[in-house]
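Close look at the chain arrangement
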Amino acid sequence: VWLIDSADDDGADAGAEAEAEAEDKPLRPTKVLGWGPFSHIMAIAHDLTVFTALPGGCYVFAAPPAAYPLSASAAAFANASADSTATKPVSEELALPLKLLRNAKRAGADVFAGVPWMLARFREACELFPEYRETLKGFRQLVAGGALADPKVLEWCREEVGVKVEVSLGMT
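1. Description of the packing of aromatic side chains
- Considering all chains together, one arrives at 2 aromatic pairs under this definition.
- Ring centres of Phe 112 and Phe 122 lie 5.1 Å apart, and the angle between their planes is 50°; this geometry places the pair in the tilted category. Here Phe 112, found in strand β3 (residues 111-114), pairs with Phe 122, found in helix α5 (residues 116-128); they are 10 residues apart in sequence, far enough to count as distant.
- With relative accessibility at 2%, the residue Phe 122 sits in the buried group.
- Centroid distance Phe 129 to Tyr 132: 6.4 Å. Interplanar angle 70°. Geometry classified as edge-to-face. This pair shows no difference in class: Phe 129 is buried, exactly as Tyr 132 is.

2. A look at the pattern of salt bridges
- Inspection of the entire model under this criterion finds 7 salt bridges.
- For Glu 93, the salt bridge identified is with Arg 121, shortest N-O distance 4.0 Å. Residue Glu 93 is found in the loop between α3 (72-79) and α4 (95-107), and its partner Arg 121 is found in helix α5; the two are separated by 28 residues along the sequence.
- A relative accessible area of 45% places Glu 93 in the partly exposed class.
- Among the ionic pairs, Asp 110 bridges to Arg 140, the shortest N-O distance being 3.2 Å. Of this pair, Asp 110 sits in the loop between α4 and β3 while Arg 140 sits in the loop between α6 (131-137) and β4 (141-145), and the two are 30 residues apart along the sequence.
- The class for Asp 110 is buried, based on a relative accessible area of 10%.

About the cut-offs
Residues numbered from 1 in each chain as written. Predicted model: local features only at pLDDT ≥ 70, side-chain atom pairs only at ≥ 80, totals over all residues. Heavy atoms only, no water. Phe/Tyr/Trp six-rings, centres within 6.5 Å; stacked < 30°, edge-to-face > 60°. Helix = DSSP H or I, 4+ residues; strand = E, 2+ residues; numbered from the N terminus. Buried < 20%, exposed > 50% of the residue type's maximum accessible area, 1.4 Å probe, protein only. Salt bridge = Lys/Arg side-chain N within 4 Å of Asp/Glu carboxyl O.

Below you can see the structure in the form of structure tokens.
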């Protein structure tokens with residue numbers, strides 16, 4: 001599989017470069033931070049199939065389903081935070097991105113697919129809580145789909161986080 005960075009000029013040499021890089025990096029299981037509903041094509045195509053089933057990875061529920069049986073301590077962790085997000089007031093727009101980042105950090109997730117809006121909110125969250133930038137630096141793959149991604153956010157991911165974003169448009 002060749003992933004072409006959206007910042008590449010024409011992508012012509014991207015396949016050869018990816019192939020050369022792949023020879024040095026063995027395929028290893030992923031930990032997908034899943035947050036989309038299973039009825040959505042992105043959750044099925046990316047999260048469950050490409051990143052979980054094919055490489056033998058695992059699916060990390062970013063927000064456990066309401067019917068999922070949780071112990072009292074696990075439920076408390078899923079709904080609260082012992083990190084610095086508990087001490088700083090945040091906007092309602094950052095509540096979900098912070099929950100995702102907190103659970104990514106807890107579970108050691110290394111793959112995330114979502115809409116570009118979420119990556120922009122990750123950027124805002126990392127400005128308020130720098131420890132989450134370190135969490136994102138541990139990711140192997142970020143995917144943005146469903147809309148055009150802001151070039152400044154893609155640049156931030158590449159330059160500040162060190163992860164190229166695969167932009168996936170036109171899936172449906």
